[in-house]
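# Fold and geometry: a report
Letter by letter, the chains look like this.
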Amino acid sequence: YPNVHATYELSDGVQVIGALKGDIDRVSLHTLSRENIWLNQNVGLNNTNRTIEILGGLKGKLSGKVAYQAGLSIANLKNLYFYQNNLATPSKFDVVFDEGNVKRTNLFAELGFTHAQNVRLTLRGDYFGYSTDKVAEAFHRPTYRLSFNSTFNIYNKLVLDVDMLGQGGMKGLGAEITLPSGTRRTVDIPGAFDLNAKATYLVSNQFSVFASFNNILNNNYQMYLYYPVRGFQAMVGASFSF
């Protein structure tokens, strides 16, 4: 596989980056089950063969605290996996591998802000385009994703984390048979937006207490077809290390 990386200093604080690479991306049952807990039994496994990937973009710093990067990557993938609902048992998901050549395009931009060890902010946007070969659609793969992650460390005692995720453009393979063609209907999965927060108070180096809040806006969205996520959740607890 190629493994070539290049950086050119366009100006002070601005770099042009480029890469030509490839690899085998490991796919294990552990990986799949952590990603989708509703897997069907006896799913097949194949590693994804990233035969070639080309990347180009810009990165740099606007100041000592603000960094950015933006670029475009195009990859050719064999045995890329997708999830689709089982026809007989729609509540379970089969893993389908596209044994042909899947073209994946990723346009991305990221902006980060860091102030000492007290504040860290990261905003990233991605657009994904898929051209499948053997599989009809790139099932359960979003076409756009916007994420925001932040950490605030207050006097090395109180740590606040706020995370946001928005994504959409996913499609699923419905359980209904379309007549008279006898084929299954492709379903557009509505976009998702999630907001989470966590506060941790460090009582000592070994002991801390925390409160976490998930899906604060109580949005009823689906990450996987027919599976709405849980609504608002709150949890308090403590941790001790020794």
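Use the structure listed above.
The present account deals with the structure reproduced in this document. Fair warning: this is a prediction, and the values are worked out from it, not measured in the lab.

## Some points on the overall build of the protein
From N to C terminus, the protein includes 1 helix and 15 strands. Counting across all 242 residues of the protein, residues that qualify as buried make up 33%. If you take every contact in the protein between residues at least 6 apart in sequence, the share linking residues at least 24 apart comes to 54%. As presented, the protein carries roughly 14,300 Å² of accessible surface, and 57% of it is formed by carbon and sulfur atoms. Averaging the coordinates of the 22 positive side-chain charges in the protein and doing the same for the 18 negative ones gives two points 4 Å apart.

## Examining the side chain of Arg184
Checked against the element boundaries, Arg184 lands in strand 10 (residues 183-188). Buried within the structure, Arg184 lacks any salt-bridge partner; Asp94 is the closest side chain of opposite charge, at an N-O distance of 6.0 Å. Within the local environment of Arg184, its side chain forms a polar contact with the backbone oxygen of Asn85, the two atoms lying 2.5 Å apart. One polar contact links the side chain of Arg184 to the main-chain carbonyl oxygen of Leu173, over a distance of 3.4 Å. Setting aside residues no more than four positions away along its own chain, Arg184 makes contact with Gln84, Asn85, Asn86, Leu87, Leu173, Gly174, Ala175, Glu176, Ile177 and Thr178.

## Thoughts on unusual backbone geometry
In this structure, Asn42 takes a positive phi of about 55 degrees despite not being glycine. In this structure, Asn42 sits in the loop between helix 1 (29-35) and strand 3 (48-61). Residue class for Asn42 comes out exposed when judged on its relative accessible area of 77%. Look at His140: it is not a glycine, yet its phi comes out positive at around 60 degrees.

## Notes on the pattern of salt bridges
This model, assessed by the stated rule, comprises 6 salt bridges. Between Arg124 and Glu110 there is a salt bridge, with its nearest N and O atoms 3.0 Å apart. Linking Arg124 in strand 6 (residues 119-131) with Glu110 in strand 5 (residues 93-115), this pair joins segments that are 14 residues apart in sequence. Residue class for Arg124 comes out partly exposed when judged on its relative accessible area of 22%. Judged by its relative accessible area of 25%, Glu110 is partly exposed. In this structure, Asp188 engages Lys171 in a salt bridge whose closest nitrogen and oxygen atoms are separated by 2.6 Å. Pair noted here: Asp188 is in strand 10 and Lys171 is in strand 9 (residues 171-178), with a separation of 17 residues, a long-range link.

Procedures and definitions
- Residues numbered from 1 in each chain as written.
- Predicted model: local features only at pLDDT ≥ 70, side-chain atom pairs only at ≥ 80, totals over all residues.
- Heavy atoms only, no water.
- Helix = DSSP H or I, 4+ residues; strand = E, 2+ residues; numbered from the N terminus.
- Buried < 20%, exposed > 50% of the residue type's maximum accessible area, 1.4 Å probe, protein only.
- Contact = heavy atoms within 4.5 Å.
- Areas by Shrake-Rupley, 256 points an atom, 1.4 Å probe, with all protein chains shown as cover.
- Lys, Arg positive; Asp, Glu negative; His and termini not counted.
- Charge placed at Lys NZ, Arg CZ, Asp CG, Glu CD.
- Salt bridge = Lys/Arg side-chain N within 4 Å of Asp/Glu carboxyl O.
- Polar contact = N/O pair within 3.5 Å; in protein donor to acceptor, adjacent residues only side chain to side chain.

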